[in-house]
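Residue strings, one per chain:
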Amino acid sequence: MSDFVHIELLPLGKVLRVKRGTSLQDLLFAHGVEFPCGGRGRCKGCKIKVLAGALPVSEEEQQRLTPAELADGWRLACRGRAESDLKIELAQWEAAILTDDSAFAFTPREGWGVAIDVGTTTIVAQLIDLQTGHVLAVRTALNAQAKHGADIMSRVEFAMAGHGQRTLQNLVRKQIGRLTKELLTAAEGASGEVKSVVLVGNTVMHHLFCGISVEPLSHYPFEPVSSGLQLFDAAALGWSLPGTPTVRFLPCLGSFVGSDILAGLLATKMHESEGLAALIDLGTNGEIVVGNRERMLCASTAAGPAFEGARISMGMRAATGAISEVRVRDGGIECHVLGNVAPRGICGSGLVDAVAAGLELGWISSKGRLPNGVPLALAGPVSLNQWDVRELQLAKGAIAAGLRILLEQWGATRNDLAQVFLAGAFGNYINHTSARRIGLLDFAPDKVRAAGNTALLGAKLALFSLPEQDGTYPRILGMVKHVSLNEDARFQETFVEEMVFPEGESH
C-alpha cells in the first residue's frame, strides 16, 4: 500500500498528492476552506461531498447532518482524514448550498445585493437574494494591491509616491468589478437585478477604493480627510451589472477604525446589548470596541503582525508546514503541523500556544525572557528566539492595554464585560486557554466568542438596512466615540504593564 493518496477537489479542479492519514482540515485550510467553529465539529461550515472514495461517519456528523445528507455523501471536513483516494466537492464553492445558517431579522426586498469585505490581504464577495436572505454565490481573491505592499502602511507609502494612489484605486475597483461579474455567472439558473452593493474595509482600504487621499494617515494624528459614507454609480465604476445599482462603501468609525468594525457591530448587535460587551479584531492594526446599547467607545492600536506569523524568525501564514498548535505533554511540548508534513515554520495560533506552553513549563519568564537567551526548540528546525517572544509581548500588550484604557474611560473593569467577541479568522483559531495564559484575553472561557467574519456578515446585513429605510448604521455611528490612545496619558504606562506575562495561573 502506498504511503500517499490523491485528493481531487471540485470545483477547483485540483488534484493533490498527500501523505495517507493527512487531516482534511489541515489540507483544505491551506486551499482556502474556512472552518467557522475552528474545526471543532460544532457547525456545518466546512461541509464537503464525497463523490468518489469513502469517509467514515463520525459522531459529530451524525449529530450535525441529516440522514439524507449523510446518504448523499456529505461530511464535515474537520472530522475526516485522507486514508484513501477521494474526489470531493467543496460546499463553500457550491452556490446551491451556500445559504446563511445564522438567522437574522430583515425586511425582504426585490432583487439581489452584493456584500463585499475589502480586506488588506483578501477580498470576499457574496451575492445575496434580498427576498430570502440566501447567499447565491461566493467569490474570494487575494487583494491585487498586495503586489505593492503586504500591509496597510506599505500601501500608504506606495500611494504617496507618484501616481501610486491612482494605481491602487484602479487595481481594487477593477478587481471587485470582475468578482461581481463572476458572482452573477456562478448563480446559474437564477436571474435578477442587482439593487445594491455594500463594501466594508479598514480605513486605508476605504480611502484607496473611494479615491480619498491617504496622506493624513501617514503621520500623527492619523486623522482621515473623510471617513463618511461614500456613494458611487456602478456604471461609473466601469462595472456592468444588471439593474445599475448604487454602490455604498460604509463609513469608518475614526482614524484606523474602519467600516469593517462598523459592520462587526451590526453583526454582533452590540448596539442592542444591555450588558457591556467588547469586539476585538486581532490583527496588525488591532481594533477594539467597548459598549452596549447606551454608548460605545472604539480605538485602534498598532499590535504588529505577530498574530499573523509575520516578523517572527520562522513565522509563516497558516499553511502546510506551519505549526498551528502547541500543547504541554509529559513535561514537554507536542506540536501539531498543518498538512501532516515536516514543520517549516509557525503561524500566529501556534506562536500563542508555544509561548503559553513555555510559560507553563517555566521555560519563559513572566518578563518574556528565555534562559540565557537560548531559543525554545519546538519541532524539527522550528524554534522561537528572544525577539520572537518580544514581538508577541508587544502585540498582546498593545491589545490588552487598548482594551484596559477603553474600559477605564467607560468606567468599568474587565469583570464587567458580559461578552467578548473575537472578529476575523485568527479569532476563530486562537486557543482561548493559551490566549488567557499569556494575558491577551484574560476572561472566563464562557465570555469569549469567536464571531467569524463579522465584516462580511455586517455588510450583508447593511443591504437590508439602508439609511433611507431604517437608518441602523447611521444610528450606530452616533453612538460611537473614537478614542485616540496616543493622547491618553496612561497608555504608554499601561502598555508596558500589559507586556508582562501573568505569573502562574491567569489572574
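Refer to the preceding data block for the structure.
A brief structural summary. All values derive from a computational prediction rather than experimental measurement. For every chain, the first residue of the written sequence is number 1, and numbering continues from 1 onward in sequence order. At least 70 in pLDDT is required for a residue's local features to be given in this predicted model, at least 80 for side-chain atom pairs to be given and counted, and no such filter applies to totals for whole chains, interfaces and linings, which use all residues. Hydrogens are left out, water is left out, and the side-chain values use all remaining heavy atoms of the structure.

This paragraph deals with the packing of helix α4 (residues 152-159) against helix α6 (residues 203-210). In a packed pair of helices, the relevant descriptors are the angle between the two axes and the axis-to-axis distance. One can describe the packing of α4 onto α6 by two numbers: an axis separation of 10 Å at closest approach and a directional angle of 30°. Compared by their axis directions, α4 and α6 come out roughly parallel. Judged by the sense of rotation from one axis to the other, the crossing of α4 with α6 is left-handed. Contacts from I152, R155, V156 and A159 of α4 reach α6 at V204, M205 and L208. In the scheme used here, Gly and all other residues not listed as nonpolar or charged are polar, with Ala, Val, Leu, Ile, Met, Phe, Trp, Tyr, Cys and Pro taken as nonpolar and Asp, Glu, Lys and Arg as charged. The residue makeup of the contact of α4 with α6, split by class, is 6 nonpolar, no polar and 1 charged. Only the stretch in contact is used when a helix axis is fitted, and all axes are lines through C-alpha atoms; the angle between N-to-C directions ranges over 0 to 180 degrees. Under the DSSP-based scheme used, a helix requires at least four consecutive residues in state H or I and a strand at least two consecutive residues in state E, with every element numbered from the N terminus. Roughly parallel here means an angle under 35 degrees, roughly antiparallel means over 145, roughly perpendicular means 65 to 115, and every remaining angle is called oblique. Left-handed is the label given to a crossing in which the near helix is rotated counterclockwise from the far helix by less than a right angle, and right-handed is the label when the rotation is clockwise. Here, two residues are considered to be in contact whenever any of their heavy atoms come within 4.5 Å of each other.

With respect to the helices and strands, G286 occurs in strand β15 (residues 285-291). According to the relative accessible area criterion, G286 is buried, its value standing at 0%. Along the chain, G286 and A379 lie 93 residues apart, while their C-alpha atoms are 30 Å from each other. Other than its neighbours up to four places away in sequence, G286 contacts D281, A299, S300, T301, A303 and I399. Only protein chains enter the accessibility calculation, which uses a 1.4 Å probe. A residue is then buried if its area is under 20% of the maximum for its type, exposed if over 50%, and partly exposed in between.

When you tally the buried positions in α6, you get 8 out of 8 residues, the bulk of the element. Of the positions making up α6, those classed as buried are T203, V204, M205, H206, H207, L208, F209 and C210. Polar contacts, as used here, are pairs of N or O atoms within 3.5 Å; protein pairs need one atom able to donate a hydrogen and one able to accept it. Residues neighboring in sequence count only if both atoms are side-chain atoms. Measuring from the backbone nitrogen of V204 back to the side-chain oxygen at the start of α6 gives 3.1 Å, which picks out N202 as the cap. Looking at the residues trailing α6, positive phi occurs at G211, about 80°.

Turning to unusual backbone geometry, a few remarks are in order. In this structure, T244 takes a positive phi of about 40° despite not being glycine. With respect to the element layout, T244 can be found in the loop between β12 (230-233) and β13 (246-249). For K269, which is not glycine, the phi dihedral falls at a positive 60°.

Attention now moves to the pairing of strand β8 (residues 112-118). In terms of residue burial, β8 counts as a mostly covered element, since 7 of its 7 residues are buried. Taking every second residue as pointing to the same face, both faces of β8 are buried, with W112, V114, I116 and V118 on one and G113, A115 and D117 on the other. One requirement defines pairing of two strands: DSSP has to find at least two bridges between them. As paired elements, β8 and strand β9 (residues 122-129) share 7 bridges and run antiparallel to each other. Residue pairing across strands places D117 opposite V124, the latter belonging to β9. The hairpin formed by β8 and β9 contains 3 residues between the paired strands. As defined by bridge partners, β8 adjoins strand β11 (residues 194-201) across 7 bridges and the pair is classed as parallel. By the bridge assignment, G113 is partnered in β11 with S196.

Taken in spatial order, the 6 strands line up as β10-β9-β8-β11-β13-β12 in an open sheet, and their pairing is mixed. The sheet is open, and its two borders are formed by β10 (135-142) and β12, each paired with just one other strand. Going across the sheet, the axis of each strand differs from the next one's by a mean of 15°, ignoring polarity. Where helix α5 (residues 164-186) meets the sheet, its contacts fall on β8, β9, β10, β11 and β12, and the angle it forms with β10 comes to roughly 145°. Contacting β8, β9, β10 and β11, helix α12 (residues 454-462) crosses the sheet at an angle of about 150° to β8.

Here we take up the packing of helix α9 (residues 386-410) against helix α14 (residues 491-499). For the pair α9 and α14, interaxial distance at closest approach is 7 Å and the crossing angle is 130°. When the interaxial angle is binned, α9 and α14 end up oblique. Both α9 and α14 take part in a crossing whose hand is right-handed. Of the residues in α14, those touching α9 at R390, Q393, L394, K396, G397, A398, A400, A401, G402, R404 and I405 are F491, T494, F495, E497, E498 and M499. Tallied by class, the residues present in the contact of α9 with α14 amount to 8 nonpolar, 4 polar and 5 charged.

Turning our eyes to something else, we now look at the sheet that holds strand β24 (residues 480-482). For sheets, the rule is that strands pair by backbone hydrogen bonds, running either parallel or antiparallel. The mixed open sheet is built from 6 strands, whose spatial order is β23-β22-β14-β15-β16-β24. Either end of the sheet is taken by a strand with one partner, and the two such strands are β23 (448-452) and β24. When the angles between neighbouring strand axes are averaged without regard to direction, this sheet yields 20°. In the sheet, strand β14 (residues 277-281) pairs with strand β22 (residues 419-423) via 5 bridges, with the strands oriented parallel. Residue pairing in the sheet places L279 in a bridge with F421 of β22. Running over the sheet, helix α7 (residues 259-268) touches β14, β15, β16 (296-302), β22, β23 and β24 and is turned about 135° from β14.

All quantities given are derived from atomic positions and should not be read as evidence of function.
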